[in-house]
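Topology and contacts: notes
Each chain, written out:
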Protein chains: 2
Amino acid sequence: MRRAAIINIGDEILLGQIVNTNASWMAESLSEIGVQVVSHQVVADDAEAIRSALDLAQKQASLILLTGGLGPTKDDITKKVLVDYCGGEMELDTSLYERLQMYFRKLGREATEAHRLQCYMPTEAEQLNNKMGTAPGMFFQQGKNWIISLPGVPYEMKYLMTEEVLPRLQKERVGQHLKRVTLLTVGRGESQIAEYIEDLEDALPDHIKLAYLPHLARVRLRLTATGESPDTLTKELDYWREALSERLGDLVYGYDQTELSEVIQAEMLKRKLTLATAESCTGGNVAREITSNPGSSGYFVGGLIPYSNEMKQQILEVPKDVLQQYGAVSEQTVRAMVKGTLKRLGADIAIATSGIAGPGGGTAEKPVGTVWIACGNADHTIVKRLQLNKNRKLNIEYSTIWTLNLIRRFLMAL
Amino acid sequence: MRRAAIINIGDEILLGQIVNTNASWMAESLSEIGVQVVSHQVVADDAEAIRSALDLAQKQASLILLTGGLGPTKDDITKKVLVDYCGGEMELDTSLYERLQMYFRKLGREATEAHRLQCYMPTEAEQLNNKMGTAPGMFFQQGKNWIISLPGVPYEMKYLMTEEVLPRLQKERVGQHLKRVTLLTVGRGESQIAEYIEDLEDALPDHIKLAYLPHLARVRLRLTATGESPDTLTKELDYWREALSERLGDLVYGYDQTELSEVIQAEMLKRKLTLATAESCTGGNVAREITSNPGSSGYFVGGLIPYSNEMKQQILEVPKDVLQQYGAVSEQTVRAMVKGTLKRLGADIAIATSGIAGPGGGTAEKPVGTVWIACGNADHTIVKRLQLNKNRKLNIEYSTIWTLNLIRRFLMAL
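These figures come from a predicted structure and were not determined experimentally.

A look at the sheet that holds strand β11 (residues 218-227) of chain A
Residues and elements named next belong to chain A. Pairing within the open sheet is antiparallel, and its four strands lie in the order β10-β11-β9-β12. The two strands at the open ends of the sheet, each matched to only one other strand, are β10 (208-215) and β12 (252-255). Taken over all neighbouring pairs, the strand axes of this sheet differ in orientation by 20° on average, direction set aside. As paired strands, β10 and β11 are joined by eight bridges and run antiparallel to one another. Note on β11: the bridge partner recorded for Ile208 is Ala225.

Quick notes on the domain arrangement of chain A
Residue and element names in this part refer to chain A. By the assigned domains, chain A splits into domain 1 (3-172), domain 2 (177-255) and domain 3 (260-413). With centres defined by C-alpha atoms, the gap from domain 2 to domain 3 works out at 31 Å. Contact residues are listed per partner, giving eight residues for domain 2 and 10 residues for domain 3. Classifying every residue of the side of domain 2 that touches domain 3 gives four nonpolar, two polar and two charged.

Some remarks on helix α10 (residues 230-248) of chain B
Residue and element names in this part refer to chain B. Across its 19 residues, α10 extends 26 Å between first and last C-alpha, which sits within 8% of the 27 Å expected from 1.5 Å per residue. Regarding α10, the residues found buried are Leu233, Trp240 and Leu244. Buried residues in α10, looked at end-on, bunch into an arc of 45°, giving them a common side. When the buried face of α10 is taken as reference, the exposed residues oriented beyond 90 degrees from it are Asp231, Lys235, Asp238, Tyr239, Glu242 and Glu246. Turning to α10, the residues buried within the fold contact β9 (177-186), α9 (198-203), β10 (208-215) and β11 (218-227). Of the residues trailing α10, Gly249 is marked for its positive phi of about 55°.

A few points about the interface of chain B and chain A
Residue-level contacts link 65 residues of chain B with 63 residues of chain A. Among the residues forming the side of chain B that touches chain A, the class breakdown is 32 nonpolar, 24 polar and nine charged.

Re the environment of Ser330(B)
All names here are of chain B. Looking at where Ser330 falls in the secondary structure, it is placed in the loop between α14 (320-326) and α15 (331-345). By C-beta crowding, Ser330 is classed as partly exposed, having 19 other C-beta atoms within 10 Å. Remark: the alpha-carbon pair of Ser330 and Trp372, spanning 42 residues in sequence, is separated by 6.2 Å.

Procedures and definitions
Starting from 1, residues in each chain are numbered consecutively following that chain's sequence as written. Written order decides the labels, with chains lettered from A and ligands numbered from 1. Residue-level local features of this predicted model are given only where pLDDT is at least 70; pairs of side-chain atoms are given and counted only at 80 or more, and the full residue set underlies all totals for whole chains, interfaces and linings. Note: two strands are recorded as paired if DSSP finds a minimum of 2 bridges between them. Secondary structure is summarised from DSSP: a helix means a run of H or I of at least four residues, a strand means a run of E of at least two, and numbering begins at the N terminus for each. Here, axes are lines fitted to C-alpha atoms. For helices the fit covers the stretch in contact, and angles between N-to-C directions go from 0 to 180 degrees. Delimitation of the domains relies on an automatic or database domain assignment. Residues are scored as being in contact if the C-beta atoms we place from backbone atoms lie within 7 Å. Residue type decides the class: Asp, Glu, Lys and Arg count as charged, Ala, Val, Leu, Ile, Met, Phe, Trp, Tyr, Cys and Pro as nonpolar, and the leftover types, Gly among them, as polar. The length a helix should cover is 1.5 Å for every residue beyond the first. For every residue, the other C-beta atoms within 10 Å of its own C-beta are counted; 20 or more classify it as buried, 12 or fewer as exposed, and values in between as partly exposed. C-beta atoms are placed from the backbone. Of all possible arcs, the one meant is that of the directions from the helix axis to the C-beta atoms.

Here is the structure:
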């Protein structure tokens, strides 16, 4: 199995003006066919920088993929560095030049001198025919090592990866395979999960690795297995996924790419139930998550965002004395909000959120970050109190995830 | 001026499961204060890989920024590599451990053994206090060189960059100055704006550069001036900002980091007006934008998300025959929604959105991406029809921006 190093050449990525989606796309495509990616590097359109990047990559990998630094403008020097690096020389490729002239004639334009210069190609490289643009890819073979240069324009790079690079890699592969599965958990932190599964993690065979990927009240657990038999790997991963899922119980909400709101949608549609929302502190963010999925109108009736106490009283019928006695941020208020929402919007299930998102508005008794959430139906309501921190945007994000999780747990207990 | 190398540690980025937004954010922030970024590297959570990345970075840069590889689980090895690399040893930081214990006690949980191990810190590093998470940043000084290790969680990294790293860099700079101003526009594309300001752009002096940064119905125009006198640069930038603003008129909604929702909030509070929302296709996203700002409860009364036609009729009093004759996605319906919202929520101004977000649900007459938005008060209502594309998430984002811009324009015309 080859190990791959990716080098992206270009000032725009380097200076952060664009995000490096080329690297992630390439890495994902390579991982999918079992090629292990060991590094990405982003460097300037500069001979010395490209050379250093190649030096490091050669130590790590037998497949080096470069993008960018090709094309008609004068800051493109990749080709010269590659010729210095791989041997051979530059030669005008007349048939390439003719194709380019024809291409421009079809567009009603003329190829420029810069385009002619672009047709000087390294004699040691096999050209990769780029049907999406004017600069061909280049394939250098150095003993067993491959150095492949691709254009930086994403759809040109993707075309050449898909049509030329990935098929060559698949053709030569023998033996090693790689399989992956990810468990999605919500409700506990990385370290607590690590404690729950410590013995299982220690018992994992050497060829199966576990990684913790935490993000906003959720932790993804990724199992990666490498070996010779894809069937055995699949069976082994099934076994460990089951073992971990059993241990973690209802902390696991799904596998691989599933969103919490998708889990809720599937469950609601299956049970033919409808949902309505009443969001104070989350300000519409729970509804936004729910309605981001196609098909959500199949179960989501609608929502209310009762930001003012007047709206809580008038539309949601939260009793005035509940608001006065317990305050808007209280268990009693979110319970009343659930009740009012069920009644007003005629849904089977309703949620409510109320909290002090911050940065201002806290008191000694109810500091910034105090949030109450509730989920209920005509029969019963479950509530949860969160104590978050002072960052408004994060408090809204966390409260949203916890609310979605409360709906999930409510559905599981039905 | 320092040259910087960025090293992002983590399998998720390396394998292409997430896009490396940390690198682009860091690179942009560093470039903005005049630090030249010379490379990004992405490597695995592996001692040898981190060491090689450091070796290369040290050859290129006097500032090395690492992200990731910190945290309580055992796959984190960055600290050990840095101690090997920079000298010193690991020691339990008891005050850090006490803070962490307190932090968890507040959350009603206990710090785990993994958290205690996380509090072993390199003796040679100055700690950077991470108020957003449990893992502090580390600042190593190696002669004139700086090696800084930050958490990989984006908001923790951003917090430490903003509060600790960028101020230190700004403090040590001498000589060459760099000033920047960004004009924020909404409503026209990059090429149209380029046409409007072509002569001004051509007249810019060599030491002032203009960059177009388009994003979701908005284009930011960033002017960057370099020179020896900060006062002169400020005066020059003021002049060009004024010239561009005058030319672009009400396309400009603000400068630098301002959000559209902040512009609306300032204007509403100044005029002592209140706002309410009724969102069908945007599903709460407009309210979410509005309530993401502290102080929004000073003018935002609340919102409705009438996803079903029943809710449009019952709560918003959209006449049944309007829905039947023109459909939910129509000028008549969003006008009726504005009217109903003003009445139900008692606000001075209301907005309404209704559209086919997709990917399904389109017809020949109203294809996917058809969206109607409206903004009005007791006297009059303005409406706009958008024809977007088939991507649900983008359609929601675009509709939200256009709705916020409609509120801004409504306020400007009052």
